[in-house]
Amino acid sequence: MTTTLRADAARNRERVLATARAVVAEGDLSLPLNEIARRAGVGVGTVYRHFPTRRALLEALAADAFATLLDQARAATRGDDPWDGVELLLRAFLRGQLDDPALAEVLSTSAEEDATAQTTAGREELGALAAIVLARATRAGRLRPGLTLDDLQHLVCGTAFAVRIADAPDRRVELYLTVLLAGLRAPDPTGAARPAD
């Protein structure tokens, strides 16, 4: 059951989240709750009432980006061309990890570490949607045989890492994604090079 926060409690929660976002933007994903309380100008108890653990705060920070990723994954299951679905899904995964460090950390861990049922439910839905995209592309003969969901997740995480350490990350995203997609595409059974979609 969803409960409505009092106006002052809702303001405090938003102040804590805004402060935590600023801390993450500075490159600190450790999310020290005591320091966040000090910087937000609220009591430590206030922070812990809303976010009992660092992980709960991390998931709250990632919630909007996770919802966007789920929307894109749903869209990836609905297109006419299964390969377009693969591209949409992998682009969404990659951009989500690059644009939101909190989401990247949540996605890089397992459900056993989730602090909220909402995150676990989102993770399960995302896995189910990705499985649909993968199965459609495999049935259509568009995806390299033998690839699993875990393989795709690892490859996207590796691509995100490669982009982050590149000299010009913004100029490398599309190039690295193109290379990744080319490697995932099933070889043409005739031996001819498949045209780029």
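Details of the structure are given in the entry above.
Residues numbered from 1 in each chain as written. Predicted model: local features only at pLDDT ≥ 70, side-chain atom pairs only at ≥ 80, totals over all residues. Heavy atoms only, no water.

### Section: the overall build of the protein
Inference 1: A count of helices and strands for the protein gives nine helices and zero strands.
Inference 2: Secondary structure elements of the protein occur, N-terminal to C-terminal, as α-α-α-α-α-α-α-α-α.
Inference 3: When its C-alpha atoms are laid out on the principal axes, the protein stretches across 65 × 45 × 25 Å.
Inference 4: Residue pairs in contact within the protein that sit at least 24 positions apart in sequence constitute 67% of those at least 6 positions apart.
Inference 5: With the model as given, the accessible surface of the protein reaches about 10800 Å², and the carbon-plus-sulfur share is 54%. (Helix = DSSP H or I, 4+ residues; strand = E, 2+ residues; numbered from the N terminus. Contact = heavy atoms within 4.5 Å. Areas by Shrake-Rupley, 256 points an atom, 1.4 Å probe, with all protein chains shown as cover.)

### Let's talk about the environment of L90
Inference 1: Topologically, L90 is positioned in helix α5 (residues 82–99).
Inference 2: The exposure class of L90 is buried, given its relative accessible area of 2%.
Inference 3: Placed 25 residues apart in sequence, L90 and A65 show a C-alpha to C-alpha distance of 15 Å.
Inference 4: Apart from the residues lying within four places of it in its own chain, the contact partners of L90 are V156, L177, L180, L181 and L184. (Buried < 20%, exposed > 50% of the residue type's maximum accessible area, 1.4 Å probe, protein only.)

### Topic: the packing of α5 against helix α8 (residues 149–165)
Inference 1: At a minimum axis distance of 9 Å, the contact between α5 and α8 shows a crossing angle of 45°. Considered as vectors, α5 and α8 are oriented oblique to each other. The hand of the α5/α8 crossing is right-handed. The residues of α8 that touch α5, namely those facing L90, F93, L94, Q97 and L98, are V156, C157, T159, A160, V163 and R164.
Inference 2: Residues of the contact of α5 with α8, tallied by class, amount to eight nonpolar, two polar and one charged. (Axes fitted to C-alpha atoms, helices over the stretch in contact; angles between N-to-C directions. Parallel < 35°, antiparallel > 145°, perpendicular 65-115°, else oblique. Left-handed = near helix turned anticlockwise from the far one by under 90°. Nonpolar A, V, L, I, M, F, W, Y, C, P; charged D, E, K, R; others polar.)

### Considerations on α5
Inference 1: The terminal C-alpha atoms of α5 lie 26 Å apart, and with 18 residues this matches the ideal 26 Å at 1.5 Å per residue to within 8%.
Inference 2: Listed in full, the buried residues belonging to α5 are P82, W83, G85, V86, L89, L90, A92, F93, L94, G96, Q97 and L98.
Inference 3: Where α5 is buried, its residues meet α4 (54–76), α6 (101–107), α7 (117–139), α8 and α9 (169–184).
Inference 4: Two to three positions downstream of the cap, the backbone nitrogen of W83 sits 2.8 Å from a side-chain oxygen, assigning the N-cap of α5 to D81. (Expected span 1.5 Å × (residues − 1). Polar contact = N/O pair within 3.5 Å; in protein donor to acceptor, adjacent residues only side chain to side chain.)

### Digging into the packing of helix α1 (residues 7–25) against α4
Inference 1: Direction vectors running N to C along α1 and α4 enclose 85°, while the axes themselves pass 10 Å from each other. Considering the angle they form, α1 stands roughly perpendicular to α4. Counting all contacts with α1, which are made through R13, V16, L17, A20, R21 and V24, the residues of α4 involved are L57, A60 and L61.
Inference 2: Looking at the contact of α1 with α4, its residues break down into seven nonpolar, no polar and two charged.

### Regarding the pattern of salt bridges
Inference 1: For the coordinates displayed, the defined rule picks out 13 salt bridges.
Inference 2: A salt bridge links R54 to E105; its shortest N-O distance comes to 2.8 Å. Placement of R54 in helix α4 and of E105 in helix α6 is noted, with a sequence separation of 51 residues between them.
Inference 3: R54 sits in the partly exposed class, given a relative accessible area of 26%.
Inference 4: On the basis of relative accessibility, which here comes to 21%, the residue E105 falls in the partly exposed class.
Inference 5: The residue R91 makes a salt bridge to E87 at a minimum N-O spacing of 3.1 Å. With R91 and E87 both in helix α5 and four residues apart, this pair spans about one turn of that helix.
Inference 6: Assessed through its relative accessible area of 23%, E87 is described here as partly exposed.
Inference 7: Within the structure, one salt-bridge network assembled from shared partners comprises R55, E59, D114 and R123. (Salt bridge = Lys/Arg side-chain N within 4 Å of Asp/Glu carboxyl O.)

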